Amino acid sequence: MLLSVLMAAIAPGLALLAYFYWKDRYDAEPLSMVIRMFFIGVLIVFPAMIVQRGLVFVFGDSPLVFSFVISAGVEELLKFFLLYHIIFNHTEFDEPYDGIVYATAVSLGFATMENVLYAFLEPATFGTLLVRALLPVSGHALFGVFMGYSLGKAKFATGSKTGFHLRMALVLPLFWHGLYDFMMLTVSGEWMWIAVPFMLLLWYRAIRRVNRANSISPFRWLHREEEVKS
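A brief report on the enclosed structure follows. All figures in this text were calculated on a predicted structure; none of them were measured in a lab.

With that out of the way, let us pick up the packing of helix H2 (residues 31–43) against helix H4 (residues 63–86). Contact pair H2 / H4: the axes reach a minimum separation of 11 Å and the direction vectors enclose 145°. The element H2 and its partner H4 pack so that their crossing is right-handed. Residue-level contacts link Arg36, Met37 and Ile40 of H2 to Leu82, Leu83 and Ile86 of H4. The residue makeup of the contact of H2 with H4, split by class, is 5 nonpolar, no polar and 1 charged.

Have a look at this one:
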């Protein structure tokens, strides 16, 4: 029973990680690096929880402050900090889509650990874990897409555009994450009627960024030349 609950908690994050990893059309990242970033995402859950608990004592837990500062603010800032200092200048970060791969890896590591804790600390059923797979776990993956896309733009931008895209790499996921949390905290009753369309909107915007990042890969033309030669 415990093993089945654990697998149900872990499976959504791994499935989404595989999905975004395989979306890299032209130059797949080393799997060891992706797994490393996934486990870094797992580990930062615990310092995030400590900081969040302290901020609740300082600022209280009003829905607006909790959503945008304590929840989204702390979590997205930690993800951004790690991605910037570990990945941004790494030699493996050599095309725009790589930002999405590594950001979703960190985000899904974080979401998976949250899901495991929820499964064992709360009375979780298969139904609740399925809802969490469709909403918070997917949400973290999509926030990672927004962060990673902007990191990819920043990596290959020049001048003031680099700073602009770096700021967007934090602002955009923080905004969407905070908005999601705020809705979930303030909407009662038929919340699924709001949550599901909101998640579909995020998926639409995220997939557009996935396609854009692939379309500007410097390896796209090399891939085409190889196809022509073959």
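The structure having been displayed, the exposition proceeds.
Running from amino to carboxyl end, helix H3 (residues 45–59) crosses H4 at an angle of 150°, the nearest separation of the two axes being 10 Å. Comparing their axes, H4 and H3 come out roughly antiparallel. Once H3 is placed against H4, the crossing between them reads as right-handed. Seen from H3, the contacting residues are Ala48, Val51, Gln52, Leu55, Val56 and Phe59; seen from H4, they are Val65, Phe66, Ile70, Ser71, Val74, Glu75 and Leu78. Grouping the amino acids of the contact of H3 with H4 by side-chain chemistry returns 10 nonpolar, 2 polar and 1 charged.

The next subject is the nonpolar core. Counting residues in each nonpolar core, the largest one holds 58 residues, and the members touching the most others are Phe20, Met37, Leu83, Leu151 and Leu202. Those elements giving two or more residues to this core turn out to be helix H1 (2–22), H2, H3, H4, helix H5 (97–121), helix H6 (126–155), helix H7 (160–186) and helix H8 (192–215). Every residue in contact with Leu83, bar those within four places of it in the chain, is listed here: Met37, Phe88, Tyr102, Ala103, Val106, Met147 and Leu151.

Attention now goes to the side chain of Ser107. Residue placement: Ser107 occurs in helix H5. By relative accessible area, which is 1% here, Ser107 ends up buried. With residues near it in sequence (within four places) discarded, Ser107 still touches Lys79, His140 and Gly144.

Side chains of Lys153, Lys161, Arg205, Arg208 and Arg212 sit close together on the surface and give a patch of like positive charge. Sort the elements by how many residues they give to the positive patch and H8 lands first, with 3 residues. Checked against the element boundaries, Lys161 lands in helix H7.

As a further point, take the layout of surface pockets. Empty pockets left among the atoms are what a rolling probe the size of a water molecule brings to light. In this structure, the largest pocket occupies an estimated 950 Å³ of space. Phe66, Ser71, Glu75, Glu114 and Arg132 are the residues nearest the centre of the largest pocket, which is lined by 30 residues in total. For the lining of the largest pocket, the secondary structure elements donating two or more residues are H3, H4, H5, H6 and H7. Per-element tally for the lining of the largest pocket: the top contributor is H6, with 8 residues. When its residues are assigned to classes, the lining of the largest pocket shows 18 nonpolar, 6 polar and 6 charged.

Turning to the pattern of salt bridges, a few remarks are in order. This structure, assessed with the given rule, holds 1 salt bridge. Of the charged contacts in the structure, one is a salt bridge between Glu76 and Lys79, with a shortest N-O distance of 3.2 Å. Placement of the pair is Glu76 and Lys79 together in helix H4, with a separation of 3 residues, close to one helical turn.

Let us look at the environment of Met183. With respect to the helices, strands and loops of the structure, Met183 is situated in helix H7. Exposure remark for Met183: the relative accessible area of 17% places this residue in the buried category. Between the C-alpha atom of Met183 and that of Leu134, which follows or precedes it by 49 residues, the distance is 16 Å. Discounting residues that sit within four places of it in the chain, Met183 has contacts with Ile194 and Phe198.

Below, the discussion takes up the side chain of Thr112. Here Thr112 lies in helix H5. At a separation of 2.6 Å, a polar atom in the side chain of Thr112 contacts the main-chain carbonyl oxygen of Leu108.

The next point concerns the environment of Val42. With respect to the secondary-structure elements, Val42 resides in helix H2. For Val42, a relative accessible area of 14% translates into the label buried. Between the alpha carbons of Val42 and Ser107 there is a distance of 8.6 Å; along the sequence they are 65 residues apart. Every residue in contact with Val42, bar those within four places of it in the chain, is listed here: Gly109, Phe110 and Met113.

What counts, and where the lines are drawn
Residues numbered from 1 in each chain as written. Predicted model: local features only at pLDDT ≥ 70, side-chain atom pairs only at ≥ 80, totals over all residues. Heavy atoms only, no water. Axes fitted to C-alpha atoms, helices over the stretch in contact; angles between N-to-C directions. Helix = DSSP H or I, 4+ residues; strand = E, 2+ residues; numbered from the N terminus. Left-handed = near helix turned anticlockwise from the far one by under 90°. Contact = heavy atoms within 4.5 Å. Nonpolar A, V, L, I, M, F, W, Y, C, P; charged D, E, K, R; others polar. Parallel < 35°, antiparallel > 145°, perpendicular 65-115°, else oblique. Core = buried A, V, L, I, M, F, W, Y, C linked by side-chain atoms within 4.5 Å. Buried < 20%, exposed > 50% of the residue type's maximum accessible area, 1.4 Å probe, protein only. Patch = residues over 30% accessible without salt bridge, like charges linked within 9 Å, V, L, I, M, F, W, Y side chains within 5 Å. Areas by Shrake-Rupley, 256 points an atom, 1.4 Å probe, with all protein chains shown as cover. Salt bridge = Lys/Arg side-chain N within 4 Å of Asp/Glu carboxyl O. Lys, Arg positive; Asp, Glu negative; His and termini not counted. Charge placed at Lys NZ, Arg CZ, Asp CG, Glu CD. 1 Å grid on protein atoms, 1.4 Å probe; cavity = no way out; pocket = protein on both sides within 12 Å on 5 of 7 lines; lining within 4 Å. Points joined across faces, edges and corners; volume = space filled by probe spheres on them. Polar contact = N/O pair within 3.5 Å; in protein donor to acceptor, adjacent residues only side chain to side chain.

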